[in-house]
Amino acid sequence: MLHSESESESSLYRFTRLLCGVFTHLLCAAFTMFVTFVAKPGSSLFSWHPFLMTLAFSFFMTEAVLLFSPHSSPARKLKHQVKSRLHWILQCSCTSCALVGLGTIFYNKHVTGKPHFSTWHGLLGLITVCVVLLQSVAALPLIYHKLAKGCSLAKLKRYHAAAGLVTYLLGSVSLLLGVCSAWFTSSVGGNAWYITALCPVLSALTIMSQVTNAYMAKKRLQS
């Protein structure tokens, strides 16, 4: 009887995780497409900034993390090494988009004579891009193990996961502050704004749950 109940709870847990993962895939894709529709990339120099930043942090980074989900990964049947390479490609795409997006808004501010990083969105966005760069450099020992002198691969993976979670949360807050910006609120209002603002919040909660369960549930790090 207890065994049957345990199996039922396990099945329910897997099904719930699957639903959350699939929902997050769809949510982030929809959020990225909606911001793209609002920004109309190419209509102005500024328009590339929200498009590239949303593509970087809502789409590429989310997919890079969910790639390792045992329940909702689109590549769960592939070998871990292949998934690691795909993760690396997605993260490089995220970093590239973030850098170009930062460069675009910096140049746009310069051209229009507006002050740089004068809002919480601007400051946190700059910090987030810097953290993404640091995270990318710090991940090199995971690819080239010879660089990981004096530290086990298991520890490096957990440190990388913890730092990645912090980076993702920073990106989500930056996106949320972007949704609160004067540009976005002047374009989107009412219930549409509230629904849009919920997107980075819900995706951050899902990613936080996944990383916590996968890497940080154990009391001690394995050597």
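Details of the structure are given in the entry above.
Residues numbered from 1 in each chain as written. Predicted model: local features only at pLDDT ≥ 70, side-chain atom pairs only at ≥ 80, totals over all residues. Heavy atoms only, no water.

Engineer: Requested: an account of the packing of helix H2 (residues 48-66) against helix H3 (residues 80-112), with residues and values cited.
Structural biologist: Direction vectors running N to C along H2 and H3 enclose 160 degrees, while the axes themselves pass 8 Å from each other. For the element pair H2 / H3, the angle class is roughly antiparallel. In this structure, H2 crosses over H3, and the sense of that crossing is left-handed. Between H2, through Trp48, His49, Leu52, Met53, Leu55, Ala56, Phe57, Phe60, Met61, Glu63, Ala64 and Val65, and H3, the contact on the second element is made entirely by His87, Leu90, Gln91, Ser93, Cys94, Cys97, Ala98, Val100, Gly101, Leu102, Thr104 and Ile105. Among the residues forming the contact of H2 with H3, the class breakdown is 17 nonpolar, six polar and one charged. (Axes fitted to C-alpha atoms, helices over the stretch in contact; angles between N-to-C directions. Helix = DSSP H or I, 4+ residues; strand = E, 2+ residues; numbered from the N terminus. Parallel < 35°, antiparallel > 145°, perpendicular 65-115°, else oblique. Left-handed = near helix turned anticlockwise from the far one by under 90°. Contact = heavy atoms within 4.5 Å. Nonpolar A, V, L, I, M, F, W, Y, C, P; charged D, E, K, R; others polar.)

Engineer: Run through H2, naming residues and quoting values.
Structural biologist: Its 19 residues place the ends of H2 26 Å apart at the C-alpha level, agreeing with the 27 Å of an ideal helix rising 1.5 Å per residue. When the local axis directions of H2 are compared, the greatest deviation, roughly 30 degrees, occurs at leucine 55. Burial within H2 is extensive, with 17 of its 19 residues counted as buried. (Expected span 1.5 Å × (residues − 1). Bend = angle between axes of the 7 residues up to and from the residue. Buried < 20%, exposed > 50% of the residue type's maximum accessible area, 1.4 Å probe, protein only.)

Engineer: I'd like a description of the packing of aromatic side chains, backed by residues and values.
Structural biologist: The tally for this structure, following the rule as stated, stands at seven aromatic pairs. Ring centres 5.5 Å apart and planes at 70 degrees place the aromatic pair phenylalanine 46 and tryptophan 183 in the edge-to-face group. Highlighted residues: phenylalanine 46 in the loop between helix H1 (2-39) and H2 and tryptophan 183 in helix H7 (residues 182-187), separated in sequence by 137 residues. Judged by its relative accessible area of 25%, phenylalanine 46 falls in the partly exposed class. Under the relative-accessibility criterion, tryptophan 183 is labelled partly exposed at 26%. Of the aromatic side chains, those joined through ring pairs into one cluster are Phe34, Phe46, Trp183 and Phe184. (Phe/Tyr/Trp six-rings, centres within 6.5 Å; stacked < 30°, edge-to-face > 60°.)

Engineer: So what's going on with the environment of glycine 189? Which residues, and what values?
Structural biologist: Turning to its location among the elements, glycine 189 is positioned in the loop between H7 and helix H8 (190-215). Note on glycine 189: relative accessible area 46%, which makes it partly exposed.

Engineer: I'd like to hear about the nonpolar core, residue by residue, with values.
Structural biologist: Ranked by internal contacts, the top residues of the largest apolar core, which has 39 residues, are Phe57, Phe184 and Ile207. Mapped by element, the contributors of at least two residues to this core are H1, H2, H3, helix H4 (120-138), helix H6 (153-179) and H8. Of all the elements, H2 adds the most residues to this core, at eleven residues. The contacts of isoleucine 207, once residues within four sequence positions are left out, are Thr62, Val65, Leu66, Leu165 and Tyr168. (Core = buried A, V, L, I, M, F, W, Y, C linked by side-chain atoms within 4.5 Å.)

Engineer: Quick one: what's the story with a nonpolar patch on the surface, residue by residue and with numbers?
Structural biologist: On the surface, a cluster of nonpolar side chains totalling about 490 Å² of accessible area is made up of Phe23, Leu198, Val201, Leu202, Leu205 and Met208. Counting residues per element, the nonpolar patch draws most heavily on H8, which supplies five residues. Among the structural elements, leucine 202 can be located in helix H8. Exposure remark for leucine 202: the relative accessible area of 31% places this residue in the partly exposed category. (Patch = residues over 30% accessible without salt bridge, like charges linked within 9 Å, V, L, I, M, F, W, Y side chains within 5 Å. Areas by Shrake-Rupley, 256 points an atom, 1.4 Å probe, with all protein chains shown as cover. Salt bridge = Lys/Arg side-chain N within 4 Å of Asp/Glu carboxyl O.)

Engineer: Quick one: what's the story with the packing of H4 against H6, residue by residue and with numbers?
Structural biologist: It is the contact of H4 with H6, at a shortest axis distance of 9 Å, that shows an interaxial angle of 155 degrees. Between H4 and H6, the interaxial angle falls into the category roughly antiparallel. Seen from above, H4 lies across H6 with left-handed handedness. Counted together, Trp120, His121, Leu124, Gly125, Thr128, Val131, Val132 and Gln135 of H4 and His160, Ala163, Gly164, Thr167, Leu170, Gly171, Val173, Ser174, Leu177 and Gly178 of H6 form the full contact between these two elements. Each residue belonging to the contact of H4 with H6 can be placed in one class, and the counts come to eight nonpolar, ten polar and no charged.

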